[in-house]
Amino acid sequence: MATKIKAGESYGFFTDTSVCIGCKACEVACKEWNELQGNNATFLADSFDNTGALDAQNWRHVKFVEHVPDKPATEGNGFAWLMMSDVCKHCKQASCMEVCPTNAIIRTEFDTVFIQQDVCNGCRNCVAACPYGVIGMNSQTGTAHKCTLCYDRLQGGLEPACAKACPTQSIQFGPLAELQQAADVRLAALHSQGQTQAQLYGRDDKVYGGLNAFFLLMDKPETYGLPNADNAKLPSRNNVGGYVGAAITAVLAVVAGLVAFRRRGEAA
Amino acid sequence: MVSLAATFGRGAMTNHWRDIKNADLILINGANPAEAHPVGFQWFMRAKLDRGAKIIHADPRFTRTSAVADMYLRIRTGSDVAYFGGLINYVLQNNLFHDAYVRNYTNASFIVKDGYSFKDGLFSGYDASKRTYNIATWSYETDSATGFAMRDLTLQHPRSVFQLMKQHYSRYTPEMVSSITGIPVADFKKVAELVGQMGKPDKVMTIVYAVGLTHHTTGGQLIRSGAALQLLLGNMGRPGGGMNAERGHANIQGNTDHAISWEILPGYLRIPAPGQKTIAEYVAASAPKKSDKNSWNFFGTNYSKFMVSTLKAWFGDAAKKDNEFAFDFIPKPASNASWMTIYDQALKGKMEGLILSGMTAASIGPDSNQVRDALGKLKWLVVMDALPTTSSEFWHAPGVDAASVKTEVFMVPTTHWIEKDGSFVNSGRWSQWKDQVLPPEGQARHDHWILADVFQRVKKLYQSQGGKFPDPVMALTFNYKDATKPELDEIAKEINGKDLTTGKQLASFALLKDDGTTTTGDWIYTGSYTEAGNLMKRRQGVQDPKANDPTGMGFFANWAWSWPLNRRVMYNRASADLDGKPWDATRPGITWDGSKWVGDVPDYPPTMDPHDPASWLPFIMNGEGVGRLFSNSMIDGPFPEHYEPVESPVANPLHPANSASPVAFLYDQAAGRPNRFGDAKEFPYIATSYRLTEHEHYVTQHVPHLVQLQPKAFVEIPYELANEKGIKNGEQVRVSSKRGKLEVAALVTKRLGALTVAGQKVYQIGIPIHWGYVGLSADSDPGKGRYWLANALTPFVGDANARTPEFKAFLVNVEKL
Amino acid sequence: MIYLEAEHFVRAPEWTWYILFYFFFAGLAGGAYVLGSLLRLSGDARDEPAARVAFLVSLPATLICPILLTADLNASWMRFWHMMVNTTPGDAGLNFKYWSPMSVGVWGLLLFGFFVGISALDAWLRNRGSFGLLPMAVNRVFNVLGSLVGIFIASYTGVLISVSNQPVWSDTWALGGLFLASGLSGAAALLALLIRNRPEASFSLGRLHQADGYFSALELALIVVFFITVGAAGSLSREVPWLPLWALAVVGVAASLVEARGHMRMRPSGSGTVAGIRLDTVVVSLLALIGVLALRAAVIFSAQ
Ligand SMILES: Nc1nc2c(c(=O)[nH]1)N[C@H]1C(S)=C(S)[C@@H](COP(=O)(O)OP(=O)(O)OC[C@H]3O[C@@H](n4cnc5c(=O)[nH]c(N)nc54)[C@H](O)[C@@H]3O)O[C@H]1N2
Ligand SMILES: Nc1nc2c(c(=O)[nH]1)N[C@H]1C(S)=C(S)[C@@H](COP(=O)(O)OP(=O)(O)OC[C@H]3O[C@@H](n4cnc5c(=O)[nH]c(N)nc54)[C@H](O)[C@@H]3O)O[C@H]1N2
Ligand code: SF4
Ligand code: SF4
Ligand code: SF4
Ligand code: SF4
Ligand code: SF4
Ligand SMILES: [Mo]
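Note that the structure is predicted; figures quoted are calculated from it, not measured.

What counts, and where the lines are drawn
- Residues numbered from 1 in each chain as written.
- Chains lettered and ligands numbered in written order.
- Predicted model: local features only at pLDDT ≥ 70, side-chain atom pairs only at ≥ 80, totals over all residues.
- Heavy atoms only, no water.
- Patch = residues over 30% accessible without salt bridge, like charges linked within 9 Å, V, L, I, M, F, W, Y side chains within 5 Å.
- Areas by Shrake-Rupley, 256 points an atom, 1.4 Å probe, with all protein chains shown as cover.
- Salt bridge = Lys/Arg side-chain N within 4 Å of Asp/Glu carboxyl O.
- Helix = DSSP H or I, 4+ residues; strand = E, 2+ residues; numbered from the N terminus.
- Core = buried A, V, L, I, M, F, W, Y, C linked by side-chain atoms within 4.5 Å.
- Buried < 20%, exposed > 50% of the residue type's maximum accessible area, 1.4 Å probe, protein only.
- Contact = heavy atoms within 4.5 Å.
- Pairing = 2+ DSSP bridges.
- Phe/Tyr/Trp six-rings, centres within 6.5 Å; stacked < 30°, edge-to-face > 60°.
- Lys NZ or Arg CZ within 6 Å of the ring centre and 35° of its normal.
- Buried area = accessible area lost by both parts, 1.4 Å probe.
- Nonpolar A, V, L, I, M, F, W, Y, C, P; charged D, E, K, R; others polar.
- Axes fitted to C-alpha atoms, helices over the stretch in contact; angles between N-to-C directions.
- Left-handed = near helix turned anticlockwise from the far one by under 90°.
- Parallel < 35°, antiparallel > 145°, perpendicular 65-115°, else oblique.
- Near = heavy atom within 4 Å.
- Polar contact = N/O pair within 3.5 Å; in protein donor to acceptor, adjacent residues only side chain to side chain.
- Domains from an automatic or database assignment.

*Asks:* What should I look at first to understand a nonpolar patch on the surface in this one?
*Replies:* Together, Val 240, Val 244, Ile 248 and Leu 252 of chain A make up a nonpolar patch on the protein surface, roughly 360 Å² of accessible area in all. Mapped onto the secondary structure, Ile 248 of chain A falls in helix H7 (residues 237–262).

*Asks:* Just checking my understanding: could you explain the nonpolar core for this structure?
*Replies:* Considering soluble globular proteins, one finds that nonpolar side chains tend to be buried as a cluster. Leu 27, Tyr 83, Leu 87, Leu 229 and Trp 523 of chain B are the most contacted members of the largest nonpolar core, which has 125 residues in total. When neighbours within four sequence positions are excluded, Leu 87 of chain B is seen to be in contact with Leu 27, Phe 188, Val 191, Ala 192, Val 195 and Leu 229 of chain B.

*Asks:* I'm lost on the pairing of strand E23 (residues 685–690) of chain B in this one. Help?
*Replies:* The side chains of a regular strand alternate between both faces of the sheet. Residues and elements named next belong to chain B. Most of E23 sits inside the fold, with six of its six residues counted as buried. Residues Tyr 685, Ala 687 and Ser 689 line one face of E23 and the alternating positions Ile 686, Thr 688 and Tyr 690 line the opposite face, and both faces are buried. Relative to strand E28 (residues 760–768), E23 runs parallel, the two being bridged by five bridges. Residue pairing in the sheet places Ser 689 in a bridge with Ile 767 of E28.

*Asks:* Got a minute to help me understand the pattern of salt bridges in this structure?
*Replies:* Any two side chains of opposite charge can pair, given that their charged atoms come close. All names here are of chain C. Applying the stated criterion to the full structure yields 58 salt bridges over all chains. Measuring nitrogen to oxygen at the nearest pair gives 3.8 Å for the salt bridge that ties Asp 122 to Arg 40. With Asp 122 in helix H4 (residues 101–128) and Arg 40 in helix H1 (residues 17–41), this pair connects stretches of sequence that are 82 residues apart. Ionic pairing is found between Glu 48 and Arg 52, a salt bridge with its closest N-O pair at 3.1 Å. Of this pair, Glu 48 and Arg 52 are both found in helix H2 (residues 48–72), four residues apart, which corresponds to roughly one turn of the helix. The network of salt bridges with shared partners includes Arg 40, Glu 48, Arg 52, Asp 122 and Arg 126.

*Asks:* When you look at the packing of aromatic side chains in this model, what are you seeing that I'm missing?
*Replies:* For any pair of aromatic rings, the description consists of the separation of the ring centres together with the inter-plane angle of the planes. Counted under the stated rule, the structure contains 81 aromatic pairs over all chains. Look at Phe 630 of chain B and Phe 639 of chain B: their rings are 5.2 Å apart centre to centre, the planes differ by 75°, and that puts the pair in the edge-to-face class. A single burial state applies to Phe 630 of chain B and to Phe 639 of chain B, both of which are buried. Grouped by ring-pair contacts, the aromatic residues Tyr 116, Phe 118, Phe 123, Tyr 126, Tyr 133, Trp 138, Tyr 169, Tyr 172, Phe 630 and Phe 639 of chain B constitute a single cluster. The cationic tip of Arg 751 of chain B hangs over the ring face of Phe 48 of chain A; the distance from NZ or CZ to the ring centre is 4.8 Å.

*Asks:* Mind showing me how you'd approach the interface of chain A and chain B here?
*Replies:* A common way to express how large an interface is: the accessible area buried when the components associate. Between chain A and chain B, the residue contacts involve 44 residues of the former and 49 residues of the latter. When chain A packs against chain B, the two sides together hide about 3500 Å² of surface, and 60% of this comes from carbon and sulfur. The interface formed by chain A and chain B holds three salt bridges in total. Here Arg 751 of chain B and Glu 66 of chain A are joined by a salt bridge, their closest N and O atoms 2.9 Å apart. For the side of chain A that touches chain B, the secondary structure elements donating two or more residues are helix H1 (25–34), strand E2 (61–66), strand E3 (73–74) and strand E4 (81–86) of chain A. When residues in the side of chain A that touches chain B are grouped by element, the largest group, four residues, is from H1 of chain A. Split into classes, the residues belonging to the side of chain A that touches chain B amount to 19 nonpolar, 15 polar and 10 charged. Where E3 of chain A and strand E3 (residues 71–74) of chain B come together, two bridges link them in antiparallel fashion. Each residue of the ladder has a partner; that of Ala 73 of chain A, found in E3 of chain B, is Leu 73 of chain B.

*Asks:* Help me out: how do you make sense of the packing of helix H7 (residues 174–181) of chain B against helix H8 (residues 185–196) of chain B in this one?
*Replies:* Relative orientation and spacing of two packed helices are given, respectively, by the angle between their axes and the distance between those axes. Residues and elements named next belong to chain B. It is the contact of H7 with H8, at a shortest axis distance of 9 Å, that shows an interaxial angle of 115°. For H7 against H8, the interelement crossing comes out right-handed. On the side of H7, the interface is formed by Pro 174, Glu 175, Val 177 and Ser 178, while H8 contributes Val 185, Phe 188 and Lys 189. Grouping the amino acids of the contact of H7 with H8 by side-chain chemistry returns four nonpolar, one polar and two charged.

*Asks:* When you look at the arrangement of the chains in this model, what are you seeing that I'm missing?
*Replies:* The assembly contains two pairs of chains in contact; the pair sharing the most contacts is chains A and C. Contact between chain B and chain C is absent, and the least distance between their C-alpha atoms amounts to 21 Å.

*Asks:* Mind showing me how you'd approach the packing of H1 of chain C against H2 of chain C here?
*Replies:* Residues and elements named next belong to chain C. Running from amino to carboxyl end, H1 crosses H2 at an angle of 160°, the nearest separation of the two axes being 7 Å. Classified by the angle between their axes, H1 and H2 sit roughly antiparallel to one another. As for how H1 packs across H2, the hand of that crossing is left-handed. The residue inventory of the contact of H1 with H2, partitioned by class, reads 21 nonpolar, four polar and four charged.

*Asks:* Where do I start with the site of ligand 5 in this structure?
*Replies:* Residues and elements named next belong to chain A. Taken together, the neighbourhood of ligand 5 is formed by 13 residues, with Cys 30, Arg 60, Cys 147, Cys 150 and Cys 162 sitting nearest. Residue assignment for the shell around ligand 5 shows that the elements contributing at least two residues are H1 and helix H5 (161–165). Here the shell around ligand 5 is built from residues that sort into 10 nonpolar, two polar and one charged.

*Asks:* How should I be thinking about the site of ligand 2 in this particular structure?
*Replies:* Residues and elements named next belong to chain B. Within the structure, ligand 2 sits among 28 residues, and His 249, Asp 385, Asp 447, Asn 791 and Lys 808 are positioned closest to it. A distance of 3.2 Å is found between a nitrogen atom of ligand 2 and a backbone nitrogen or oxygen belonging to Met 384. Here Lys 420 contributes a side-chain N or O atom positioned 2.8 Å from an oxygen atom of ligand 2. Looking at side-chain class alone, the shell around ligand 2 contains 10 nonpolar, 12 polar and six charged residues.

*Asks:* Honestly, the interface of chain C and chain A in this entry has me stumped. Any pointers?
*Replies:* Taken together, the 69 residues of chain C in the interface contact 67 residues of chain A. Regarding the contact of chain C and chain A, the summed buried area is about 5400 Å², with carbon and sulfur atoms giving 54% of it. A per-residue breakdown of the area chain C buries against chain A is headed by Phe 9, Arg 11 and Asn 165 of chain C, which together make up 13% of the total. Taken together, chain C and chain A are joined by one salt bridge. When the shortest N-O distance is used, the salt bridge between Asp 72 of chain C and Arg 124 of chain A registers 3.0 Å. On the surface where chain C and chain A come into contact, there are 31 residue pairs in polar contact (both at pLDDT 80 or more). Contributions of two or more residues to the side of chain C that touches chain A are made by H1, helix H3 (77–84), H4, helix H5 (136–162), helix H6 (175–195) and helix H7 (205–233) of chain C. With eight residues, H7 of chain C is the largest single contributor of residues to the side of chain C that touches chain A. Grouping the constituent residues of the side of chain C that touches chain A by class yields 34 nonpolar, 22 polar and 13 charged.

*Asks:* Hey, could you run me through the domain arrangement of chain B in this one?
*Replies:* Domain parsing of chain B yields domain 1 (2–248), domain 2 (339–422 + 439–465) and domain 3 (656–816). Using only C-alpha atoms to locate each centre, domain 1 of chain B and domain 2 of chain B end up separated by 39 Å.

*Asks:* Before we go on, may I ask you to explain the environment of Gly 248 of chain B in this structure?
*Replies:* All names here are of chain B. With respect to the helices, strands and loops of the structure, Gly 248 is situated in the loop between strand E9 (243–245) and helix H11 (252–257). Given the relative accessible area of 56%, Gly 248 is considered exposed. When the C-alpha positions of Gly 248 and Ala 210 are compared, they lie 8.1 Å apart, and in sequence the two are 38 residues distant.

*Asks:* Would you mind going over the sheet that holds E3 of chain B with me for this structure?
*Replies:* Strands pair in a sheet through their backbones, by hydrogen bonds, and they do so in one of two ways: parallel or antiparallel. Pairing in this open sheet of six strands is mixed, and the strands run E3(A)-E3(B)-E2(B)-E1(B)-E8(B)-E9(B) from one edge to the other. Edge positions in the sheet fall to E3 of chain A together with E9 of chain B, since each of these pairs with one other strand and no more. Taken together, the five bridges between strand E1 (residues 25–29) of chain B and strand E8 (residues 205–209) of chain B define a ladder with parallel strand orientation. Each residue of the ladder has a partner; that of Ile 28 of chain B, found in E8 of chain B, is Val 208 of chain B. Strand contacts of H8 of chain B: E3 of chain A together with E1, strand E2 (54–59), E3 and E8 of chain B, with the helix running at about 130° to E3 of chain B, the strand carrying the most contacts.

*Asks:* It is not clear to me how the side chain of Thr 749 of chain B should be interpreted in this structure. Could you clarify?
*Replies:* Structurally, the position occupied by Thr 749 of chain B is in strand E26 (residues 741–749). Among the polar contacts listed, one links the side chain of Thr 749 of chain B to the side chain of Glu 66 of chain A, at a separation of 2.7 Å. Residue contacts for Thr 749 of chain B: discarding those within four places in its chain leaves Glu 66 of chain A together with Glu 716, Ile 717, Pro 718 and Tyr 719 of chain B.

Structure representation (structure tokens):
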């Protein structure tokens, strides 16, 4: 990777699922660099996935979705057996950051979303908020964990461990604008090859104002467990409704209470 | 490897990993590079993404490679000769071969002796009682005056290789291909059309394979069928082309180069045979013979130089002209000593002890229950390994009564390769020096230190006690700073060899002599460690692609060092036409600039003018000087022919009477034990065994992060079959063959499915190899992984040439537990 | 009928027992304070003893809350502190995010603690002698302000879980109101339970049951709204396993309604008391309180 990493620029990932080979090198590289132990080994009988989900011990997770037709000859091209290396999206409008009461979640000088371990108090509000199920609680520290976008490596001028390990450049790291350009080119190429179902997810601002870690998908976002643009909403959307509902209830309740207690001079 | 040498002259991946990016079409057969070579696979993706190359993957299973391939073909295991044969037929019938290439660079024009025949699945010269061929019936007709082979450059002679080939493959119609492989006719035709384009000079295709072709009793022929197709299309020697064997372990290529196989000495010199007394006799029996006036026959011509220099390196002053350079110090095995033979001998009680180093016999060989019995018949077993293995623990494996095992087992802790420096030679023949990453753990010692120490002690015993024939031991060169702790750098330097007169390191094997004045530990590595130092340490790579790879073809000449002579694409003379111009100017290998060859390191004399009528032919290692469509170096047939695996649910549609290979080696039968093969009535399903990305054979069973990724033994069962049998995803099943059983979880998937073969519906099931009774997964299993060894199922049979076991095709039954 | 399939791919925050009881006590504390204020504001001196019980009871209910929260944060007070003060190095300051109910809630709890503390002390003093901490007129204003905070405390927990991306929780706007209504109902039941044997306060018993009835009616309406909104979002199936808890909640509501009817009078003059069943206060109140807990449990658990 030739880019020099500078504070003040926006960095992110372009993950091109059409070239992912599900090798899980990203998963392991992340664990090695970040000294994550991983969870107890369990066989999930879910295609080749035995990790299950992103959590405190898995900051990268390769999803497998089998849509392979039962035919003696078929096309592969990234859409018959879907593989996607999932990670924190480093949302421009980050739900986790929005709700965090301690301000433990910050945007770094690289425009990434980072949880400060010494500030987090373990309230799990971010867990409830992240629409991608990214954040997990570490039972030992009692704090929230997720991909740091290798904050420590970026500060040292190194690209993230997962991107470095990815053999097919399914995970590309770099300045956001460059990645977006690369993604547009790749999408156009796929469309010209007749792969019209290919789409970019999080490249524009339709989901959470844009994702710093955005994806090229070979099927609908829902298929990969990603909310589509209609469903991608910030938690704060419910503030007004919730409080107004409560206020109306309060008014009615106070009136009711006054009615109940109003009558004077009566026997019990 | 045998089959590549028999076709092109050298047994190795012809091109290299990075070169795959230069291809227009990539056929992957019998390999799953996305899972077994994920890092190398980046070049497949680059070809696809950067130049729009198409990838066609034929595999019994839809794998992670198929997932990104343009076309996946569900092929029946063991049937790729039919696939390639069908493509050969299509190319020949439609005149789509590369005409000039085929005429001039292959043996298509050579005339085969009268008497050669092929009938009913048998080539001429078959001896049914010995199950062997007399391959003399497969020779060329020679000119009595010159002794050279007769040629007909019009390719019209009825006994020309070209015409014989055309006739041989005319039986491989699309319908026949479909009936053998299970690939629907229409899909096969689609592939044939794409492949047919690749005979044009400006197009190039690569074929990539690995042990999905090797692990068959027909392995040699499977590979040769692809190689022959590549010669017809003129894709050999060219960037983006080749017949590319993806090797296994990080250094398996280095292993082979340095003679890990019993039948060779370092540098692919043949092991001497009993009765050979002189170097001349040895060379006469081993070296290729020049069979065309324009053939350089480089290997044959220099064979004695390589051999003498090797003997000189090994025995120093004791190797003198008047004792044939100590030729009699070299053992001359009277019989086969390949992997299976060793355990066959042990089973027969003919072996006293065994040293296993970096390999676990109890897991990796076919019929592992029988192999375990064999280990139990030894007096002693030494396991040199960094970790416990199924071999070091075989005597107390689950279900084994430890008291009944009499074998004394010694565990000798070694360092793991990550704990030492040294070189790794990758599939592309690049020898890359690595550093020690971790310090040795505990009392572990380097393998070469252990061996050196053992050697010194044996030598001392000879000195003090005498013994039979001490000479080879006493004379062996051992010039290291510390005779019990040689350094790998010292050994690398020794392997390169030197000029004994000047004391200088040699720069090329062309300088080797047979007068005793030069040494080499392995002639193909001469040039790797010169006076300029250890060239394998060079690291001029992608930091500056313009400077380090000026042609853009990915040669990176100053990155590490590749044999032979740092050449990146072998046989590269064939990348240029008769005038020395590249077939495709955008993808030059080497080019004649009027006075010399430029580009890659030429596989050819660097200043030989192509217009000189005496100039050499391109395949300098072959006696013919050309690539062999027809080869009498294979002992199971000069043209690849489809034979069924030894266990198959159908009779060979081409010749049912001779269904399986007539020369495959049946160990049990040969040893007087009953053959233990199953039939389709009892064992109706075809099984194949393979790797998963997440594990490296058996050793990663000790690595928690990888065990988490694939924590438990399982088999892959086709969805339709599972439905028939009421097996649900994740349930336990029993898979059994005539030889043993597995009890593991079922992963039910549509990535495997039914095929129609010879008019019959057959199912294939998939068996990953990575589990056994040692490691983290087994520790957490109540049964301790007792029925987890994939090789409990596989048959004890071998390919006729290499004696490679048939790991990839056997019959099983599946039951729900 | 599903109008819009809300897709959720979130992970559960695993808010379980501590949070459930926090929500429960916050509802009771807020509800009790509001009831105390209403009783006092209604102007009948005979309601004053019950009002004082309400203020007194809201104190322990409030004090339990930070204990439960701290327990949930691995029992570390420092961690509670992080909610209020930004501990990011070089970034000192208070944490206040009006758009994050959890952040607002912490301050709300602190503020409420202040109101509850004063009002409880005042009630305690008045119960012992004749002087309160504040003159009654000031007290009234103070109670009104405290009630506003109390309403917030009883309801914001519902808003808090709504302000997430969890299924169920984020699919409805009814939770704030629902928790408030149920908190008030629970507080009324709790007060009824506490004053039933205090002759000086028993005047308020019937009124409390009656108020409980209104709150329960409100709660019932909101449960309906809740089911409609959650159903519209397509998350209704998640409620199925928790129907027994919902049944418990409805039993609590029903008990309150039945009892309230028993205490209902036609006219302020008191001429015509509606003939209704009067159940035992202990039974009704316990049922109502169990209902309050069950409702929160059903809501909290069904999302995760
Ligand atoms: N992750 C990982 N990588 C490895 C290794 C490992 O253990 N783990 N081992 C290394 C070693 S030592 C080796 S030798 C290489 C082997 O590399 P590969 O040969 O690529 O590995 P396999 O998985 O054994 O087999 C490849 C494929 O061949 C298919 N196959 C089986 N029979 C046939 C057939 O008759 N025709 C065709 N067309 N396909 C067939 C199988 O379904 C399988 O998908 O991998 C190396 N790389
Ligand atoms: N059914 C079936 N069977 C197969 C295959 C198949 O596809 N199907 N594939 C076959 C093939 S291609 C292969 S290569 C074999 C693989 O079989 P093995 O080579 O036996 O498998 P590994 O687990 O790689 O074993 C290597 C051992 O070397 C040790 N080791 C590592 N470094 C060092 C070192 O520096 N020194 C020493 N002394 N030891 C070291 C490791 O700890 C490990 O125990 O399996 C074969 N068996
Ligand atoms: S994906 Fe989740 S954790 Fe990551 S920034 Fe967005 S909301 Fe936060
Ligand atoms: S768990 Fe930590 S990071 Fe998440 S919201 Fe709470 S304080 Fe913020
Ligand atoms: S960026 Fe770093 S922390 Fe994030 S997934 Fe990649 S390796 Fe893990
Ligand atoms: S490393 Fe790259 S190719 Fe491998 S699973 Fe991760 S994203 Fe996919
Ligand atoms: S394990 Fe090593 S040798 Fe094998 S693919 Fe990965 S990097 Fe290459
Ligand atoms: Mo291998």
